[in-house]
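Next come the chains, spelled out residue by residue.
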Amino acid sequence: MSVPATTAKEKASAPGVHPRPLWSVRPSSDREAGDAVVSNFLLHWFPAKVAKASLDWGYSYWLGTVSAALLLLLVLSGGPLLFLYIPSVERAYASVKDIEHVVAFGSWIRSVHRLSAHLMVAAVFLHLVRVFLTGAYKNGTGRGQRREWNWVIGIAMLLATLFLSFTGYLLPWDQLAYWAVTVGTNIASSVPFVGPSLRELLLGGRTIDQPTLIRFYVLHVIVLPGALGALLVYHMWRVRKDGGLARADREALLAEKTAVPPTPTKTYTLLGVARGTGPTVRASTLEAPATTVNAVPDLVRRAAIVVLGTMAVISMLAVAVRSPLEEPANPLVTPNPAKAPWYFLWLQEIVTDTTVRIGSFTLNGAFLGGVLLPGLLLLVLTAWPWLDRSPAAAAGRWLPRSRRRQNTLFLAFCLMVVVLTLVGTFGRGPYWHFYWPWQERPEIPARI
Amino acid sequence: MKERSDRRDFLMKLGIGAGVAGLAGQAGASLRSLVPNVSYDAPTTVKLGLPGEFPDGLRFLPDQRLFVFREGNTFHAVSAVCTHLGCTVRAESLSQPETVSVGGSPLRVTHRFLCPCHGSRYSGDGTNVAGPAPRPLAWFRLSVAADDGQLVVDLADEVGRDFRLTVS
């Protein structure tokens, strides 16, 4: 035996090996803290060190983490629903009714799923607003940063979230579902030339029937969650590659450039690359103890508070808030008024008001307001990081002076969306007529 | 030596190309399977009942999403599908019926149509008067079945608004 035997103690203290795997979230030294990230599977996607400032509650409001926690809840609550829901035109409604009234805790599970979905739309949107207002899609000091592309990924994730919600609320096959499919696919159909084929592809035929339900079902439970999951993984990976939040860059940018002598204690072992003595690296300001903390436990603790807190809030809300179920889908009667869920009401408002007539030529609002306008908005929003010419120092802080104009423009856009949503929610009565909240609305029979 | 590397290069490209073509073919075939070849649509010609069974004025046929109007012996049929985004419009009777000239022939108008989805409004002859509707409601051809004398609508045959079916 030429290899010297190692003692148990030496093994346990080898770099990259945490002495107590299960308690790696409570390290007793910096070394253990770094090793925790490497040795614990659940923590492996964290960096070893993280800028203190980027943990601020008031900087990010942890909206991305909240969104991810809601997605986790959606997957968890979707599990049992997968066993209980039957994607058949004849039986879908009855199976949802069973979930609501017969299955033990079914109503609560459905409420958790529905509330998480609603709040996820809100959280993802607010996350986007936060990233815009803090200019967090801007690259800072790090090499190889591609924050603008993470913004693009984020927008794709927002779209996936919206499509997940849309395909989700169709599944109960109630009146809301049926007329949402009717309107949604007719919007697709309004695209010149390819529209009708696109509608046929979405419906799996020319009428809304079993092929339609199974298509939306598969999109909802496999295609879209898979896509969103893949995008989420890439989104998180890019955050790591880009050196964390833009806030961290700002700290590095503003910090005095003092040369820190290479210290022999810093080794690559934190990454688990080398065993024993590793090459020394030059410690940058980022690793300076004054501005950074160990990811374990500081980042882990806050992430746990946010994730567990989100779960607790939703679990309790779901006890109090029941999920509605409208009448079974009835192709013969359109509800009056037929309203989309709140996050699509601003679009419903837009398609209401965008039919334009130029002489004898009429452009259907379905295309202008349902496809062209949202498409253009989306395009501008996606390309914004390349249009934004503000200095790098404007990134990583709220509402800086140098980005005042674009932030105002963006907030005006957000305000428009909010106002239209409010008008749609509270202002629209029978026949989509506008009523002030204090105005009496006519009683109109549900059927004719 | 030069020739050999050219050949390797060529074979490499051929291999990659064949792989890409194979994958594209399989993906194409998989996606093509989602485009329906058959559509089990309801028939477009539907018997609606004997003309005598229709009341004077309007009758709504939910299965066909159709309004059938009768004025004495003359009939005409107007679609209930909103031309904006396909919701079913509802008929609202006018307090004061009026006679207007539609397509050159007089028409007694008793109702107007309102859409519950985006607030489009149509006058009694189907003309879009307000809201986002881009076109008037469609009029469909009515005829009398040769075998049993029932009214028949052809939902695939749009007609002009001067169309009237007179049943003797």
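Above this text you will find the structure in question.
Colleague: Any chance you could explain helix 5 (residues 92–101) of chain A here in plain terms?
Modeller: Owing to its 3.6 residues per turn, the α-helix brings residues three or four apart onto one side. Residues and elements named next belong to chain A. Of all the residues in helix 5, the buried ones are Ala92, Tyr93, Ser95, Val96, Ile99 and Glu100. Axial view of helix 5: buried residues confined to an arc of 165 degrees, hence all on one face. Those residues of helix 5 that are buried lie in contact with helix 4 (63–84), helix 6 (106–133) and helix 10 (210–241).

Colleague: What am I meant to see in the packing of aromatic side chains here?
Modeller: Each aromatic ring pair is summarised here by two numbers: the centre-to-centre distance and the angle between the ring planes. Residues and elements named next belong to chain A. This model, assessed by the stated rule, comprises 25 aromatic pairs over all chains. With a centroid separation of 5.7 Å and an interplanar angle of 90 degrees, the aromatic rings of phenylalanine 166 and tyrosine 169 are classed as edge-to-face. Note that phenylalanine 166 and tyrosine 169 are positioned in helix 7 (residues 147–170) at a spacing of three residues, about one turn of the helix. Given a relative accessible area of 12%, tyrosine 169 falls into the buried group. A centroid spacing of 5.3 Å and a plane angle of 10 degrees characterise the contact between tryptophan 436 and tryptophan 438, whose relative ring orientation is stacked. A relative accessible area of 67% places tryptophan 438 in the exposed class. Taken together, the ring pairs in this structure connect Phe132, Tyr137, Trp151, Trp384, Phe410 and Phe413 into an aromatic cluster. One cation-aromatic arrangement involves arginine 403 over phenylalanine 132; the distance from NZ or CZ to the ring centre is 5.4 Å.

Colleague: Is there a simple way to explain the pairing of strand 10 (residues 151–159) of chain B in this structure?
Modeller: On any regular strand, side chains alternate: one points to one face of the sheet, the next to the other face. Residue and element names in this part refer to chain B. In this structure, strand 1 (residues 45–49) lies alongside strand 10, joined through four bridges in antiparallel fashion. Bridge pairing in strand 10 places threonine 45 opposite aspartate 154. Here strand 9 (residues 139–144) pairs with strand 10 via six bridges, running antiparallel. Bridge pairing in strand 10 links arginine 141 to aspartate 154. From the end of strand 9 to the start of strand 10, which pair antiparallel, there are six residues, and glycine 149 there has a positive phi angle of about 75 degrees.

Colleague: What am I meant to see in the packing of helix 4 of chain A against helix 12 (residues 295–320) of chain A here?
Modeller: Describing two packed helices takes the angle between their axes plus the distance from one axis to the other. Residues and elements named next belong to chain A. At a minimum axis separation of 9 Å, helix 4 and helix 12 run at an interaxial angle of 50 degrees. Between helix 4 and helix 12, the angle is such that the two are oblique. Considering only the axes of helix 4 and helix 12, their crossing is right-handed. Every residue of helix 12 that contacts helix 4 at Thr65, Val66, Ala69, Leu70, Leu72, Leu73 and Leu76 is listed here: Ala303, Val306, Val307, Thr310, Met311 and Ile314. For the contact of helix 4 with helix 12, the residue count by class is 11 nonpolar, two polar and no charged.

Colleague: What should I look at first to understand unusual backbone geometry in this one?
Modeller: Negative phi characterises most residues that are not glycine, and trans characterises most peptide bonds. Residues and elements named next belong to chain A. Residue valine 296 is joined to proline 297 through a cis peptide bond whose omega torsion reads 5 degrees. Among the secondary structure elements, proline 297 is positioned in helix 12. Of note, the phi angle at tryptophan 173 is positive, near 55 degrees, even though the residue is not glycine. Residue classification places tryptophan 173 among the buried positions, given a relative accessible area of 6%. One non-glycine residue, leucine 399, adopts positive backbone phi at about 45 degrees. Along the polypeptide, leucine 399 turns up in the loop between helix 14 (365–387) and helix 15 (404–427).

Colleague: Help me out: how do you make sense of the interface of chain B and chain A in this one?
Modeller: You'll often see interface size given as the accessible area lost when the parts meet. Taken together, the 30 residues of chain B in the interface contact 37 residues of chain A. Buried area between chain B and chain A, summed over both chains or domains, comes out near 2600 Å², and the portion from carbon and sulfur atoms is 56%. For the chain B face of the interface with chain A, the top three residues by lost area are Leu85, Arg90 and His118 of chain B, together amounting to 27%. Taken together, the connections running from chain B to chain A amount to nine residue pairs in polar contact (both at pLDDT 80 or more). Ranked by residues supplied to the side of chain B that touches chain A, first place goes to strand 5 (residues 90–102) of chain B with three residues. Grouping the constituent residues of the side of chain B that touches chain A by class yields 15 nonpolar, nine polar and six charged.

Colleague: In this structure, what is going on with the state of the cysteines? I would like to understand it.
Modeller: The bond known as a disulfide is covalent and runs between the sulfur atoms of two cysteines. The full count for this structure, using the stated rule, is one disulfide over all chains. Cysteine 82 of chain B takes part in no disulfide bond, and the closest cysteine sulfur to it belongs to cysteine 115 of chain B, at a distance of 3.8 Å.

Colleague: Is there a simple way to explain a nonpolar patch on the surface in this structure?
Modeller: Taken together, the side chains of Leu198 and Leu201 of chain A together with Leu31, Leu34 and Val35 of chain B define a hydrophobic patch exposed on the protein surface, amounting to about 410 Å² of accessible area. Residue position: leucine 198 of chain A is located in helix 9 (residues 195–203).

Colleague: What am I meant to see in the sheet that holds strand 8 (residues 128–130) of chain B here?
Modeller: Working definition: the strands of a sheet are paired by backbone hydrogen bonds and lie parallel or antiparallel to each other. All names here are of chain B. The sheet built from four strands is open, its strands ordered 5-6-7-8 with antiparallel pairing. Taken across any chain shown, the strands that pair with only one partner, and hence form the sheet edges, are strand 5 and strand 8. Looking at chain direction, strand 7 (residues 121–122) and strand 8 are connected through two bridges and run antiparallel. Bridge pairing in strand 8 places tyrosine 122 opposite asparagine 128.

Definitions and cut-offs
Residues numbered from 1 in each chain as written. Chains lettered and ligands numbered in written order. Predicted model: local features only at pLDDT ≥ 70, side-chain atom pairs only at ≥ 80, totals over all residues. Heavy atoms only, no water. Buried < 20%, exposed > 50% of the residue type's maximum accessible area, 1.4 Å probe, protein only. Helix = DSSP H or I, 4+ residues; strand = E, 2+ residues; numbered from the N terminus. Arc of directions from axis to C-beta. Contact = heavy atoms within 4.5 Å. Phe/Tyr/Trp six-rings, centres within 6.5 Å; stacked < 30°, edge-to-face > 60°. Lys NZ or Arg CZ within 6 Å of the ring centre and 35° of its normal. Pairing = 2+ DSSP bridges. Axes fitted to C-alpha atoms, helices over the stretch in contact; angles between N-to-C directions. Parallel < 35°, antiparallel > 145°, perpendicular 65-115°, else oblique. Left-handed = near helix turned anticlockwise from the far one by under 90°. Nonpolar A, V, L, I, M, F, W, Y, C, P; charged D, E, K, R; others polar. Buried area = accessible area lost by both parts, 1.4 Å probe. Polar contact = N/O pair within 3.5 Å; in protein donor to acceptor, adjacent residues only side chain to side chain. Disulfide = S-S within 2.5 Å. Patch = residues over 30% accessible without salt bridge, like charges linked within 9 Å, V, L, I, M, F, W, Y side chains within 5 Å. Areas by Shrake-Rupley, 256 points an atom, 1.4 Å probe, with all protein chains shown as cover. Salt bridge = Lys/Arg side-chain N within 4 Å of Asp/Glu carboxyl O.

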